[in-house]
Amino acid sequence: MQGRSLAIWTFAVTSVALIMVMLDNLVVSTALNVIRQELGATIEQLEWTVNAYTLTFAVFLLTGAALGDRFGRRRMFIIGVAIFTAASAFAAMSTNVEMLLVGRRAQGIGAAIVTPLTLTMLSAAVAAERRGVALGAWGAVGGMAVAIGPLVGGAIVEGVAWNWIFWVNVPIGIALIPLAWFGLQESYGADRRLDIPGLTLASAGLFGIVWALVNGNGEGWTSPVIVGALVAGAALIAGFVWWERRTRAPMLPPHFFRSRSFDFANLAAMLMSFGMFGSIFLLVQFLQFARAYSPLEAGMAILPWTMAPIFVAPIAGALSDRIGGGLLMGSGLTLQAIGLAWLGLVSSTTVAYGEMVMPFIISGVGMGLFFAPMANVILSSVRSEEEGKASGASSAIRELGGVFGVAILAAIFAREGSFQSPQAFVDGMIPAVLLGAGVVAIGAVAAFLIPRPARRDATAAEAVPTGAQRPAQVYVTVDD
């Protein structure tokens, strides 16, 4: 399989895999109310139902990329799909919250292997002149999968049962394995060493911080166990940074952060995920608990939000090479911040659905403008042989934003409100969603600071120094 056919096949296989793993970021959101009732879960356990997946996903993304570089990207992609599929079956058979959390963590490990490899394999299979469009489409697929998660989850929960949100992954994963084995080309990265100390420090540090954020309300924010977890987590993260600056094979190369494009794009992505994931976690439950929507009705209610990226993202991806991804990303986050703030201000126990439609649409358009150019901006800021690590790093940073968003906004909700009554729920949700909107607005500022691309001819591009863009690129950012 060569040329255009290989590119199309690679896009098809990696897109299906990406949809499968990204759906599970939020597909469980519309099932949370049912899980709370059937399994007797607390608000902290509901947070971990989301964060058990996203935290392991974020922590192991860098490792997933490194494993692909060392052992073969196609081989590790297939292993990742197999792990995710088996973990989905385990989660589907859960009879208690503890069993569900084990399955969610294992899903996160499989997704962490699959996600960065979809991007690096697609980037290698597509001609340089079509790279912006292809990566824009990849970003649009990922963004759409995240956005339609609540709708898919609601339809499954209401139509069958909550555990079928996991069973549905099983036949898809089984079908993907032979398609990937026979249709994708094997490739390796230039650096095949694994950074075990870095992985250990990052994993332990992030777990300590997130555990403290999730359990702070229950234990008390000044309790020794919470303060100790925060301090220990911060110390381990500091140790991770120290180690990465000294080891010969860092899982997160420090020189990535010498590029303004890489820095501001990842900061914007982290803050976007913080506001979006944290807000959706509460808004979907608001529709079910405070407004008495069924799971399917809740998923359909946010359809204006989830459908907009389908139409906007392809256009944004095509434009990202021409006008600069930073401008598109900043505009998208501005719209998303406006939409979230609007939702926070109009939410009440009696709000009419019609008052929520326009902010949903605005948020959806903003999401479409953001996701499509993001991948192109980040990969264009590193050398081609470093795309695997850059993909893993950016995905990890984005997922961590979602982890912190769910943890912190849920902590604010628990402090100001509760599930005792619809009004108590609204009292807790409004300040949390407004904070989410403010964080996304800061992300918009970061995106606008991404340097705009400067047009150069191919010869000039080849003279770009080490650490800049790949020679085949026609556009380079001014910080390179």
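Above this text is the structure in question.
Just so it is clear, the structure is predicted and the values come from calculations on it, not from any experiment. (Residues numbered from 1 in each chain as written. Predicted model: local features only at pLDDT ≥ 70, side-chain atom pairs only at ≥ 80, totals over all residues. Heavy atoms only, no water.)

Undergrad: Can you walk me through the overall build of the protein in this structure?
TA: Per the secondary structure count, the protein includes 18 helices and two strands. Looking at the protein as a whole, 60% of its 480 residues qualify as buried. The contacts in the protein between residues at least 6 apart in sequence include a share of 82% that link residues at least 24 apart. Just so you have it, the protein exposes about 17,400 Å², and 67% of that area is on carbon and sulfur atoms. (Helix = DSSP H or I, 4+ residues; strand = E, 2+ residues; numbered from the N terminus. Buried < 20%, exposed > 50% of the residue type's maximum accessible area, 1.4 Å probe, protein only. Contact = heavy atoms within 4.5 Å. Areas by Shrake-Rupley, 256 points an atom, 1.4 Å probe, with all protein chains shown as cover.)

Undergrad: Explain the nonpolar core here, please?
TA: The nonpolar side chains of soluble globular proteins are, as a tendency, buried together. Formed by 136 residues in total, the largest nonpolar core has its most connected members in F77, W162, F286, W305 and F370. At 17 residues, helix α11 (residues 260–290) tops the list of elements feeding residues into this core. If near-sequence neighbours (up to four positions away) are discounted, F286 is found in contact with R291, S347, S348, V351, M356, F425, V426 and M429. If you look at the next biggest cluster of nonpolar residues, it comprises six residues, including V312, A313, A316 and L328. (Core = buried A, V, L, I, M, F, W, Y, C linked by side-chain atoms within 4.5 Å.)

Undergrad: For this particular structure, what's the right way to read the pattern of salt bridges?
TA: Opposite charge on two side chains permits pairing when their charged atoms draw close. Summed over the entire model, instances satisfying the criterion amount to one salt bridge. The partner of R73 in a salt bridge is D69, with the nearest N and O atoms 2.9 Å apart. D69 carries the same exposure label as R73, and that label is buried. (Salt bridge = Lys/Arg side-chain N within 4 Å of Asp/Glu carboxyl O.)

Undergrad: Would you mind showing me how to read the packing of helix α2 (residues 32–39) against helix α3 (residues 43–71) here?
TA: Between two packed helices, what matters for the description is the angle formed by their axes and the separation of those axes. As a packed pair, α2 and α3 sit with axes 10 Å apart at the nearest point and diverge in direction by 125°. It follows from the interaxial angle that α2 and α3 lie oblique. As α2 runs across α3, the sense of the crossing is right-handed. Within the contact between the two elements, α2 uses L32, I35 and R36 and α3 uses L46, T49 and V50. Here the residues of the contact of α2 with α3 sort into four nonpolar, one polar and one charged. (Axes fitted to C-alpha atoms, helices over the stretch in contact; angles between N-to-C directions. Parallel < 35°, antiparallel > 145°, perpendicular 65-115°, else oblique. Left-handed = near helix turned anticlockwise from the far one by under 90°. Nonpolar A, V, L, I, M, F, W, Y, C, P; charged D, E, K, R; others polar.)

Undergrad: Explanation requested: unusual backbone geometry in the structure shown.
TA: Glycine aside, residues mostly have negative phi, and peptide bonds are mostly found in the trans state. Backbone geometry places A292, a non-glycine residue, at a positive phi of 60°. Positionally, A292 belongs in the loop between α11 and α12 (295–301). What makes A292 exposed here is its relative accessible area of 64%.

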